[in-house]
Each structure stands twice: as structure tokens, then as C-alpha cells.
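Listed here are the chains, written in short residue letters.
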Amino acid sequence: MRKYNFSAGPSTLPSEVLQQSAEAILNFNNSGLSLIEISHRSKDFIAVMDEARTLVKKLMKLNDTHEVLFLQGGATLQFAMAPLNLLKTKAAYVDSGNFASASIKEAKKIGNIDVVASSKEDNYTHIPKNYTVPTDVDYLHLTANNTVYGTEIKTFPELHVPIVCDMSSDMLSRDMDFNKFGLIYAGAQKNIGPAGTTLVVVDKTLLGKTGRNLPSYLDYQVHIDKDSMANTPPVFAVYATLMNLKWLEKQGGVAGIEKQNKAKAELLYGEIDRNPLFRGVCVEEDRSLMNVCFFLNDDEKYKTKFDQMWKEAGIVGIGGYRTVGGYRASIYNAMPIEGVQLLVEVMKELERTA
Ligand code: PMP
């Protein structure tokens, strides 16, 4: 039986994507060869890379100013690549969680960083708001969704400087005008595909202004010039991502999946708020559609029983992050509503039998 996997990343992918990816490993395009044996310079693989980049452009409705790249190194490498490519004098950062904080730490190794707001003192239970961005910064860095705490930016600021955004845990989950961003990056292993590739969307008009002579791999322009094939790309991750992007298109694209994601989140938050045995972790207005964090009100009384119940029901991966505790149900694009219904049923059952 396939379990309902609520892990934060790597995380669940649609069954058909797993099936298609498995088939391609054994026999890619009926070639008698495995996807992971063929040359990345072969016509068939170049077509995969081209189609994946084009489909991201279509799904995100990107203008020609914006380029789509599939890189490696995870979002973690982007913490450094973003300032290396865009920071000339100073950049503003918002500290909204542990990954935001990690991005600040990396950027400080490269240049002058102004942390304009932080919710650290409140254990990152809300998104910092009402901050001022200095006019002389090269960009503002934001983390769209804080995977660990379950908070998500609902409205992005309208600014005079480019926004650089870590969308690792909510990329392609909700519709917005992506052309407003100077740079977007996301490790694939949540909504995009398997671990091993990083999706980068960059406004190429912002590049080439820092005067830095970058090592080739760290230079976005090199990857743009080489159509994301500057070196051997992660062929399997890109192929599985393409299958997942096609699945997303069938869900009605980003707007279609947003509707499903809202319905799933409403169902689960509704139960957390209704059920007297549970409570949410962060402030209501900033609640994430992707990572739903909650606590049991009385761990001593119910934790052992609840843990046994959801495991027996076929649910995995709802343990909270080690520094937060409690529970975190990650309900990314590929989590079907049936999985959320099952979790809600288990929560109700705990109340009934308490
Ligand atoms: N940013 C966010 C918001 C994340 O959730 C993660 C990983 N969970 C990262 C950055 C780090 O990503 P990676 O492991 O791909 O380097």
C-alpha cells in the first residue's frame, strides 16, 4: 500500500510521475537505453531540458526578460550565488526563519547586508511586516515560505529595488505575477521534482553589474548562455521534474493547484482550530498553505496514542522539525486531499476516544 507521505522534503510526488520516471530509468523513449546512461548531449536529453525550461516559463507566465535554469547545489548554493551575482554595494534581508537566517549568514561572507526585519524573538511564529527597505540596496531578499515554522508571505511588498526570493517550499503552489521578482530559486525536492536540481528564475537584465569575476559555475550568465547545460546536468532530476510539470499542467497549472492547496489547508487548519486536543503554532494570518505546524495540547496524555494511530493509518512524516517539536504536515502540490482527510479523521478519532 502506498503511504501518505507528509515529509517536508524530499516529499511526495504523484504516482504517475514515479511510474514514468521508473520506466525511463529502464528504457528511455523506447531507445533500449536507460535515461541515466545516455549522453546529456544526446538529442533526446537536450529535448527534455528544453521542454522542462519552456514549461516552467509557460506555467509561471514569464516574460522574455526572465530565464529558467536547472542547476545543482540546492537552495543552499543559491544563498551564495544570489549575492555573488547581484550584490554590488549592499543588500537588505528579512530574517523570517532558520533558512532565511542561513541565507543571511552566507550573504554576509560576500558583502554588506542590512537585516531590515526579524521575527526571531517570537520564535519565527509570524512574518515580519512594516519594515523599511533602504533606497540604496541592490535587492531585498525574502523567504516566501518558512518550511520549519509554517509561515508564508501572503502579499509581497511593492518596491523600487528587485526582490530576490527563496521559494523552496512553495514554488509553483500558488499563482502570482512572477515577473515582479528579480530572482527566484527553489530546491526541487518539494513541489518541483526529486532532490538533485534547483530551479532558478532570473531577470537577466539585472546581471553583469557587480564587477565580480566569478568562477563559471557560480555565474548565472554562463548557465544562461549554455541553455542550462554548461556542465553535466542532473539528468534524472530534470526528467522527473518534467514529468511533474506535465502533471501540474493537467491540474490546471499553478492557479488550478492553488485551489486544491487552499482546500487542503482549510480542511486541516479547520480541524486544528476545532479540535480541543490541538493548537496551531503560528499566527493565523501568516499560516502556510504548504507546511501545517501544530501541537497537541497535552503531550503527556495523548502523544503516544496519537503517534500510534496515525502510523497505523498509513501516514508518515508528520513529526515537527527538531527545534520546533509538535507536528508538521507538509501538504505540497502532490499530496492528495484524501491524505489530508485521513489525517483529519485520525485527529477526530483521537478526540472521540480520549
Ligand atoms: N530554503 C528553504 C525555505 C528550505 O525549506 C530549504 C530546505 N528545506 C532550503 C532553503 C535549503 O535547501 P537545499 O536543501 O535544497 O539546499
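Structure's up top.
Bear in mind that the values here come from a model prediction, so they are computed numbers and not experimental data. (Residues numbered from 1 in each chain as written. Predicted model: local features only at pLDDT ≥ 70, side-chain atom pairs only at ≥ 80, totals over all residues. Heavy atoms only, no water.)

In terms of helices and strands, the chain carries nine helices and 14 strands. Projected onto its principal axes, the C-alpha coordinates of the chain cover approximately 65 × 55 × 30 Å. In the chain, buried positions account for 54% of the 354 residues. Partitioning the contacts of the chain with sequence separation of at least 6, the portion at a separation of at least 24 is 66%. Accessible surface, the chain as shown: approximately 15300 Å² in total, 50% of it carbon and sulfur. Each charge class in the chain can be summarised by its mean position, and for the 39 positive and 42 negative side chains these summaries are 2 Å apart. (Helix = DSSP H or I, 4+ residues; strand = E, 2+ residues; numbered from the N terminus. Buried < 20%, exposed > 50% of the residue type's maximum accessible area, 1.4 Å probe, protein only. Contact = heavy atoms within 4.5 Å. Areas by Shrake-Rupley, 256 points an atom, 1.4 Å probe, with all protein chains shown as cover. Lys, Arg positive; Asp, Glu negative; His and termini not counted. Charge placed at Lys NZ, Arg CZ, Asp CG, Glu CD.)

Note that F295 resides in strand 12 (residues 291-296). Sequence separation between F295 and G320 is 25 residues; the distance between their C-alpha atoms is 8.8 Å. Setting aside chain neighbours within four positions, we find F295 in contact with L277, F278, R279, G280, V281, V324, G325 and G326.

Attention now goes to the sheet that holds strand 12. If you walk across this open sheet you meet the three strands as 11-12-14, and the pairing is antiparallel. Either end of the sheet is taken by a strand with one partner, and the two such strands are strand 11 (278-280) and strand 14 (327-330). The sheet shows a mean angle of 35 degrees between the axes of neighbouring strands, taken without regard to direction. The pairing of strand 12 with strand 14 spans four bridges and is antiparallel. Among the inter-strand pairings, F294 is bridged to a residue of strand 14, identified as Y327. Helix 7 (residues 253-274) contacts strand 11, strand 12 and strand 14 of the sheet and is inclined by roughly 15 degrees relative to strand 12. (Pairing = 2+ DSSP bridges. Axes fitted to C-alpha atoms, helices over the stretch in contact; angles between N-to-C directions.)

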